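# A structural walkthrough
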Amino acid sequence: MIVSRRTAVCLTLFASIQFILVGCGGGGGKSPQPKPPTPMEKFTYAGKVVDEDARAIAGAIIQLSQLYTETDEDGNFRFENLSGGNYNISAQAPDGTFLATMVNLGGNILDARLVLDRNPENFALTRVNPPLRGTEVPQNAEIELLFSRELMPENVKDYISLSPYSGELDLAIEGAVLTIRPKFELDETQQYRLAISRNLRDIEGNSLGVDVYTYFTVSDDDNVPAILIGSSPENDETNVFRNVEVELTFSDKLNPNQTRSDLALAINPNIPFEVSIKERKLKIKFIELLQANTRYTVSILGLKDDAGNISSPVELTFVTGQVAQVTDDIEPDWTRFGNVIVFSRKIGGTYELFSLKLDGKELTRLTETDFNERHPRLSSDGVYVSYQSDENGNWDIYSMRLATREVIQLTTSLNDEIQPDFSSTFSQTIAYTKRQGFNLPAKIFTMNRDGSFQREADISFFRSESEPNFHPLQDNQLLFITDDGGDADVFIKSGFLGESRAVNFNLTSALSSNETFAVWSADGESVAVLSDFGGRKNIWLFDLSGTIYRQVTNFSTDIHSFAFSPNPGEDLLIVSMGESGQRHLALVSVSTGEIIEDIT
């Protein structure tokens, strides 16, 4: 039987989806038109708002999810064209009495009854200020909540959130009254939503039982001066490091164009300094080392916020100790956009993650824990940073969303998972090293950004592998370190994703030394490696054949780690260098091997 291509297509369609389109058989039939979608059924929710004595309440505000209305003079309300489902309801009478409840709408409800009871028998929120859908709320407003019963004070902060984010919320509990003070000034004309979890409990352990939402809008009149809400060092702190940088945090965004003379900013005893303003922070960097065992006072007059309001005088006092803080900066990574680096810094006893904007040298601390956070690597879009932490007693890999500081743990095994590296494409694949246990080789694994699909990259390679580094333009090639013939070398692994057999090529076999770290150039045409050839760990540059190479740096102290500039042709490295425990970051020229600028 000879089957034409057209007939084969029709038969395939018939076999796979069990119907034949009109017109497949040849003829001039019309193709069937798709049926219009069935309209989603809409419902009405209507009724009356009354008090505990069944008296109608006129002028009550009702919020139904994102919809709201006001009751008429007879206490009636009505919402139409609603889809079925669950709706949160908030209602408040003109006298302030508040109700939160929920309705399941599966049909028309025309006789709903919302009772605003000032003294309910169950645990409930009975009053809110600012009122539901209140307007012209001051920027420095406190939120006051009155409950029907005394609150259980434990973990209240876990059940309260204000959106948009306005800094950490200060909570004060006095019996059945909860007062909420946002750390930052509220933004003018902004609508805010306060959410209270159903799991909030009274002193007897009873929960609210329903999630509560209330909304209010801030006035457009910014007449509130910024106030000091935090400082480093803290006021009256003693034994402060002599190389400290003072950071003052305010409740509102500051005018960034203020100068030292505008601020009447003075340091006593006098010492040269630089000042910078960014968002809500004012930073003071001292040009010289502060004197030991000396009381310093920082005074600021005339500080303006972004609306021009002048703050009250600010004064900060601290006492120095005898020593300067020693930091150890290692493992830098450079965003693909070239404007920010992330790195690990040892302060005191543990390593923490920091980011640094190269334009302006704005330093931001990303983690502050009692554990070590190491080996930060940025995603190609700069949204996430992966890193290793020993929070659980062994090393695991985590991912942080930089904008929100939200952290998720990606690996959970009892083995050490270390040295994560994000792919340079938008696949956001992560390669990492897994130490598999005693007398077993360390191997490279890969996973998705959320920690799913963890698998060994190359089951055919039987030696230890470490320090994976993705090719800048493709996912299916990376650099890694392995021991081969008694010393460590840099290998290129290709074709390890998918079902094909990986190919491994020794790039640095020409050097009789240990190569312990390697990164690609931005164009993928060369590889910079860390070699101890000559006795010190310096950087060498190889072509992809491994036959053309040269020494880039010749420093008298070891280099620990480095990152290539992500900009093709820029010819720069950020290098961690110096004595162990006191390393700093510097920009180094690939062409000359010279330090262009110390970064930290």
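Reading the values: the criteria
Residues numbered from 1 in each chain as written. Predicted model: local features only at pLDDT ≥ 70, side-chain atom pairs only at ≥ 80, totals over all residues. Heavy atoms only, no water. Helix = DSSP H or I, 4+ residues; strand = E, 2+ residues; numbered from the N terminus. Rg over C-alpha atoms; globule rule 2.2 N^0.38 Å. Buried < 20%, exposed > 50% of the residue type's maximum accessible area, 1.4 Å probe, protein only. Pairing = 2+ DSSP bridges. Axes fitted to C-alpha atoms, helices over the stretch in contact; angles between N-to-C directions. Phe/Tyr/Trp six-rings, centres within 6.5 Å; stacked < 30°, edge-to-face > 60°. Patch = residues over 30% accessible without salt bridge, like charges linked within 9 Å, V, L, I, M, F, W, Y side chains within 5 Å. Areas by Shrake-Rupley, 256 points an atom, 1.4 Å probe, with all protein chains shown as cover. Salt bridge = Lys/Arg side-chain N within 4 Å of Asp/Glu carboxyl O. Lys, Arg positive; Asp, Glu negative; His and termini not counted. Charge placed at Lys NZ, Arg CZ, Asp CG, Glu CD. Core = buried A, V, L, I, M, F, W, Y, C linked by side-chain atoms within 4.5 Å. Contact = heavy atoms within 4.5 Å.

With that settled, the discussion passes to the overall build of the chain. Looking only at helices and strands, one finds 2 helices and 47 strands in the chain. In terms of C-alpha radius of gyration, the chain reaches 32 Å, well past the compact-globule figure of 25 Å for 600 residues. Projecting the C-alpha coordinates of the chain onto the three principal axes gives extents of approximately 100 × 95 × 45 Å. Scored against the burial criterion, the 600 residues of the chain give a buried share of 46%.

Sheet architecture is open: 4 strands sit in the order S24-S25-S26-S27, paired in antiparallel fashion. Strand pairing shows two members of the sheet lacking a second neighbour, strand S24 (327–334) and strand S27 (362–365), which therefore form its edges. Averaged over all pairs of adjacent strands, the angle between their axes in this sheet comes to 30°, without regard to strand direction. Here 4 bridges tie strand S26 (residues 350–357) to S27, and the two strands are oriented antiparallel to one another. If you follow Lys357 over to S27, its bridge partner there is Glu362.

Considering all chains together, one arrives at 17 aromatic pairs under this definition. Where Tyr45 meets Phe77, the ring centres are 5.6 Å apart and the plane angle is 50°; that geometry is what we call tilted. With Tyr45 in strand S1 (residues 43–51) and Phe77 in strand S4 (residues 76–82), this pair connects stretches of sequence that are 32 residues apart. Each member of the pair, Tyr45 as well as Phe77, carries the same accessibility label: buried. Arranged with centres 5.4 Å apart and planes meeting at 85°, the rings of Phe461 and Phe480 form a pair that is edge-to-face. Within this pair, whereas Phe461 is found in the loop between strand S35 (455–456) and strand S36 (466–470), its partner Phe480 is found in strand S37 (residues 477–484), the two being separated by 19 residues in sequence.

Turning to a negative patch on the surface, a few remarks are in order. A surface patch of negative charge is lined by Glu136, Asp187, Glu188, Asp220, Asp221 and Asp306. Relative to the helices and strands, Glu136 resides in strand S9 (residues 134–137). Among the residues examined, Glu136 registers a relative accessible area of 55% and is labelled exposed.

Ranked by internal contacts, the top residues of the largest apolar core, which has 29 residues, are Leu145, Phe147 and Ile196. Mapped by element, the contributors of at least two residues to this core are strand S6 (98–105), strand S8 (125–129), strand S10 (143–147), strand S11 (160–163), strand S13 (177–182), strand S14 (191–196) and strand S15 (212–218). With residues up to four places along the chain from it excluded, the contact list for Leu145 reads Leu125, Arg127, Val128, Ala176, Val177, Leu178, Ile180, Leu194 and Ile196. Counting 24 residues, the second-largest nonpolar core is a separate cluster that includes Val246, Leu263, Ile284 and Tyr296.

Turning our eyes to something else, we now look at the side chain of Arg280. In this fold, Arg280 is placed in the loop between strand S20 (273–278) and strand S21 (281–286). Among residues more than four places away in sequence, those in contact with Arg280 are Phe184, Glu185, Leu248, Thr249, Phe250, Ser251, Asp252, Lys253 and Leu254.

Before going further, it helps to examine the environment of Leu497. Mapped onto the elements of the fold, Leu497 is located in the loop between strand S38 (487–494) and strand S39 (503–506). In this structure the C-alpha to C-alpha distance between Leu497 and Gln477, which are 20 residues apart in sequence, comes to 8.7 Å.

All told, the structure shown has 24 salt bridges when counted by the stated rule. Arg198 serves as the salt-bridge partner of Asp211, at 3.2 Å between the closest nitrogen and oxygen. Residue Asp211 is located in the loop between S14 and S15, and its partner Arg198 is located in the loop between S14 and S15; the two are separated by 13 residues in the primary sequence. Measuring nitrogen to oxygen at the nearest pair gives 2.9 Å for the salt bridge that ties Lys434 to Glu417. Residue Lys434 is found in strand S33 (residues 430–435), and its partner Glu417 is found in strand S32 (residues 416–422); the two are separated by 17 residues along the sequence. Comparing Lys434 with Glu417, the two get one shared label, buried. Several salt bridges share partner residues, and in doing so they unite Lys443, Glu456, Asp458, Glu465 and Lys493 into one network.

Burial within S33 is extensive, with 5 of its 6 residues counted as buried. Two elements, S32 and S33, share 5 bridges in a ladder whose sense is antiparallel. By the bridge assignment, Asp416 is partnered in S33 with Arg435. Bridge count between S33 and strand S34 (residues 443–447): 5 bridges; the pairing is antiparallel. Residue pairing for S34: Ala431 is matched across the bridge by Thr446.

Below, the discussion takes up the sheet that holds strand S23 (residues 314–320). On the basis of which strands lie adjacent, the open sheet formed by 4 strands has the order S17-S23-S22-S19 and mixed pairing. The sheet is open, and its two borders are formed by strand S17 (237–240) and strand S19 (266–268), each paired with just one other strand. Neighbouring strand axes in the sheet, compared pairwise and without regard to direction, differ in orientation by 25° on average. Bridge analysis of strand S22 (residues 295–300) against S23 gives 6 bridges, and the strand direction is antiparallel. Bridge assignment links Ile300 to a residue of S23, and that residue is Val314.

That is the geometry; function is a separate question.
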